[in-house]
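Inside the fold
The residues making up each chain are set out below.
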Amino acid sequence: MSLSLKFLIVTLLFRLRFAIAVNNKERNSVNSCHSLKNLLREIDSYEPVVRAIINETLFGSFKGTTWNELAYFTDTFGPRLSGSEVLECSIDYVLNKSLEYGLENVHGEPVTVPRWIRGKESATLLKPRKKDIALFRIRYQRWYFT
């Protein structure tokens, strides 16, 4: 069976599954929309806002700055693990930058997230003889890679 025929079959199966899901009368009213047409209408209603954001980014006061800001942000803050100091600093940076640009209703919201705390590392060679192995951490910015 050719690759294009397999792709066609998979596509048709996905479309069939979608059609069955849309026509299913036993839907959970909390987790699904009541009508595909209503959902499409709602999505279409956001078009003016989305176009305004895109136009402002590409042609307005943010022209030429968006990519540079993103590059600066990722270079400065790097990996931002949940609960880390780097994440908190990056959130503060984005909130302050948003205020500098004059955006409205800029605020952070308190959340509780799990955080990773480095424990003690160890390694032991078991065969051909038992021996503890020294581990070396390489420090990169604020994160350690073993």
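Residues numbered from 1 in each chain as written. Predicted model: local features only at pLDDT ≥ 70, side-chain atom pairs only at ≥ 80, totals over all residues. Heavy atoms only, no water.

The protein appears in an unreviewed UniProt entry as Plasma glutamate carboxypeptidase from Apis cerana.

Some details on a nonpolar patch on the surface
A cluster of nonpolar residues, Tyr46, Val50, Ile54, Leu58 and Phe59, forms a patch on the protein surface that exposes about 510 Å² of accessible area. Within the secondary structure layout, Phe59 lies in the loop between helix H3 (47-58) and helix H4 (66-77). (Patch = residues over 30% accessible without salt bridge, like charges linked within 9 Å, V, L, I, M, F, W, Y side chains within 5 Å. Areas by Shrake-Rupley, 256 points an atom, 1.4 Å probe, with all protein chains shown as cover. Salt bridge = Lys/Arg side-chain N within 4 Å of Asp/Glu carboxyl O. Helix = DSSP H or I, 4+ residues; strand = E, 2+ residues; numbered from the N terminus.)

Digging into the environment of Lys130
Relative to the helices and strands, Lys130 resides in the loop between strand E1 (123-125) and strand E2 (131-133). Here Lys130 is in contact with Thr124 and Leu125, once residues within four sequence places are set aside. (Contact = heavy atoms within 4.5 Å.)

So, H4
An ideal rise of 1.5 Å per residue puts 16 Å on 12 residues; H4 measures up with 16 Å between its terminal C-alpha atoms. Where H4 terminates, the next one or two residues include Gly78, which has phi positive at roughly 55 degrees. (Expected span 1.5 Å × (residues − 1).)

Some words on the layout of surface pockets
In this structure, the largest pocket encloses a volume near 360 Å³. In terms of lining residues, the largest pocket is bounded by 15 residues, among which Phe62, Thr66, Glu69, Tyr101 and Leu103 are the most central. Only H3, H4 and helix H5 (85-100) provide two or more residues apiece to the lining of the largest pocket. (1 Å grid on protein atoms, 1.4 Å probe; cavity = no way out; pocket = protein on both sides within 12 Å on 5 of 7 lines; lining within 4 Å. Points joined across faces, edges and corners; volume = space filled by probe spheres on them.)

What to know about the pattern of salt bridges
For the structure shown, the criterion picks out 3 salt bridges. Note that Glu47 and Arg51 form a salt bridge whose closest N and O atoms lie 2.8 Å from each other. Remark: Arg51 and Glu47 occur in helix H3; sequence separation between them is 4 residues, near one turn of the helix. Relative accessible area serves as the criterion here: at 38%, Glu47 is assigned to the partly exposed category. Glu100 serves as the salt-bridge partner of Lys97, at 3.4 Å between the closest nitrogen and oxygen. One end of the pair, Lys97, and the other, Glu100, are both in helix H5, 3 residues apart, so they sit about a helical turn from each other. (Buried < 20%, exposed > 50% of the residue type's maximum accessible area, 1.4 Å probe, protein only.)

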